[in-house]
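# Examining the three-dimensional arrangement
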Amino acid sequence: NAGVTQTPKFQVLKTGQSMTLQCAQDMNHNSMYWYRQDPGMGLRLIYYSASEGTTDKGEVPNGYNVSRLNKREFSLRLESAAPSQTSVYFCASKRTANREQFFGPGTRLTVL
Amino acid sequence: DQQVKQNSPSLSVQEGRISILNCDYTNSMFDYFLWYKKYPAEGPTFLISISSIKDKNEDGRFTVFLNKSAKHLSLHIVPSQPGDSAVYFCAAPIDYDKVIFGPGTSLSVIP
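In short, a report on the structure.

Quick notes on the rules
- Residues numbered from 1 in each chain as written.
- Chains lettered and ligands numbered in written order.
- Predicted model: local features only at pLDDT ≥ 70, side-chain atom pairs only at ≥ 80, totals over all residues.
- Heavy atoms only, no water.
- Helix = DSSP H or I, 4+ residues; strand = E, 2+ residues; numbered from the N terminus.
- Rg over C-alpha atoms; globule rule 2.2 N^0.38 Å.
- Buried < 20%, exposed > 50% of the residue type's maximum accessible area, 1.4 Å probe, protein only.
- Areas by Shrake-Rupley, 256 points an atom, 1.4 Å probe, with all protein chains shown as cover.
- Lys, Arg positive; Asp, Glu negative; His and termini not counted.
- Charge placed at Lys NZ, Arg CZ, Asp CG, Glu CD.
- Contact = heavy atoms within 4.5 Å.
- Core = buried A, V, L, I, M, F, W, Y, C linked by side-chain atoms within 4.5 Å.
- Pairing = 2+ DSSP bridges.
- Buried area = accessible area lost by both parts, 1.4 Å probe.
- Salt bridge = Lys/Arg side-chain N within 4 Å of Asp/Glu carboxyl O.
- Polar contact = N/O pair within 3.5 Å; in protein donor to acceptor, adjacent residues only side chain to side chain.
- Nonpolar A, V, L, I, M, F, W, Y, C, P; charged D, E, K, R; others polar.

### Things to note about the overall build of chain A
Counting its regular elements, chain A contains zero helices and 11 strands. When the helices and strands of chain A are read in sequence order from the N terminus, they spell out β-β-β-β-β-β-β-β-β-β-β. Its C-alpha radius of gyration of 13 Å places chain A within 12% of the 13 Å reference for a compact globule of 112 residues. The principal-axis extents of the C-alpha atoms in chain A amount to approximately 40 × 25 × 25 Å. Residues counted as buried form 47% of the 112 residues belonging to chain A.

Shown next, in the form of structure tokens:
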């Protein structure tokens, strides 16, 4: 099992460009999440999907959109990137009944 | 108010000694807590958890203590090893789906 995979690992964008971060899990988990990690801020929830076909906003959703493509895949889109979106982005998943989340390796995004 | 605080951004400990990482929370309704460990350039991994019906949970060298009256929990690592050097996040579920994370404590174990 690969667990949670994320692509790309690194990305540099110019202000105003768009991109989609991809996430997939092979653990048959219902719930999937997108977080961003900034220095001194911990992990902040951007969006989550409790099940296939549903998505909900987290703590910091502005400037992002998500798509739960199927049970395995959950993508995060930046329509018009801003320097404030420079961060490390983590995707995670979990079983509905459990509290523990499994994280991907992260995508380091720099917006110039 | 649903904050989880880790007031020590960093901690340095000699190999073989005890590491104590602290976490405070503000919402007395939190009933479960998790600790995650994160190495550089990797995602966080689950380490240990504790339910509010317990005051201690142990897993090998790792023990988490919960003091509900003080809204405080701590992670003890005994003995500390260089491979324990990582960032440790305290976390608490705020509902069935969402979890709030503390800012993390960076532990350095010196050989």
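Back to the text.
### Quick word on the overall build of chain B
Assigned secondary structure in chain B consists of zero helices and 11 strands. In chain B, the succession of helices and strands from N to C terminus is β-β-β-β-β-β-β-β-β-β-β. In terms of overall size, chain B behaves like a compact globule, its C-alpha atoms giving a radius of gyration of 13 Å where 111 residues would be expected to give roughly 13 Å. Along the first, second and third principal axes, the C-alpha atoms of chain B reach 40 × 30 × 20 Å. Taken over 111 residues, chain B has a buried fraction of 45%. Element-wise, carbon and sulfur atoms account for 50% of the exposed surface of chain B, whose accessible area totals about 5,400 Å². Of the charged side chains in chain B, 10 are positive and 11 negative; the average position of the first set lies 4 Å away from that of the second.

### Things to note about the environment of P8(A)
Residue and element names in this part refer to chain A. Structurally, the position occupied by P8 is in the loop between β1 (4–7) and β2 (10–13). Separated by 49 residues in the primary sequence, P8 and K57 have C-alpha atoms spaced 23 Å apart. If sequence neighbours within four positions are ignored, P8 has contacts with M19, G106 and T107.

### Considering the nonpolar core
If you look at the biggest cluster of nonpolar residues, it comprises 24 residues, and the most contacted ones within it are F33(B), W35(B), L73(B), L75(B) and Y88(B). If we ignore the near neighbours within four places in the chain, the residues touching F33(B) are Y25(B), I48(B), S49(B), I50(B), L66(B), L73(B), A91(B) and A92(B). Counting 21 residues, the second largest nonpolar core, distinct from the first, contains L21(A), M27(A), I46(A) and L78(A).

### Topic: the sheet that holds strand β3 (residues 19–25) of chain B
Residue and element names in this part refer to chain B. One open sheet holds the five strands; their spatial order is β1-β3-β8-β7-β6, and the pairing between them is antiparallel. With one partner strand each, in any of the chains shown, β1 (4–5) and β6 (56–59) form the two edges of the open sheet. Bridge analysis of β1 against β3 gives two bridges, and the strand direction is antiparallel. When the bridges of β3 are listed, V4 appears paired with Y25.

### Some details on the interface of chain A and chain B
Each partner contributes residues to the interface: chain A has 21 residues there, and chain B has 19 residues. Interface of chain A and chain B: buried area, both sides summed, is about 1,700 Å²; carbon and sulfur atoms make up 59% of it. Considering only the side of chain A, the residues that lose the most area to chain B are L43(A), R99(A) and F103(A), jointly responsible for 34% of the buried surface there. At the surface where chain A touches chain B, the tally comes to one salt bridge. Of the charged contacts, one joins R99(A) and D31(B) as a salt bridge, the two residues approaching to 3.7 Å between their closest N and O atoms. Put simply, chain A and chain B have three residue pairs in polar contact (both at pLDDT 80 or more) between them. Split into classes, the residues belonging to the side of chain A that touches chain B amount to 11 nonpolar, seven polar and three charged.

### Focus on the side chain of N27(B)
Looking at where N27(B) falls in the secondary structure, it is placed in the loop between β3 and β4 (32–38). There is a polar contact of 2.8 Å between the side chain of N27(B) and the backbone nitrogen of M29(B).

### Quick word on the side chain of T105(B)
Residue and element names in this part refer to chain B. By the secondary structure assignment, T105 is in strand β11 (residues 105–110). Classification of T105 by relative accessible area gives buried; the value is 3%. Side-chain polar atoms of T105 contact the backbone oxygen of S8, separated by 2.7 Å. The contact partners of T105, leaving out residues within four places of it in the chain, are Q6, S8, P9, S10, L11, L21, A86, V87 and Y88.

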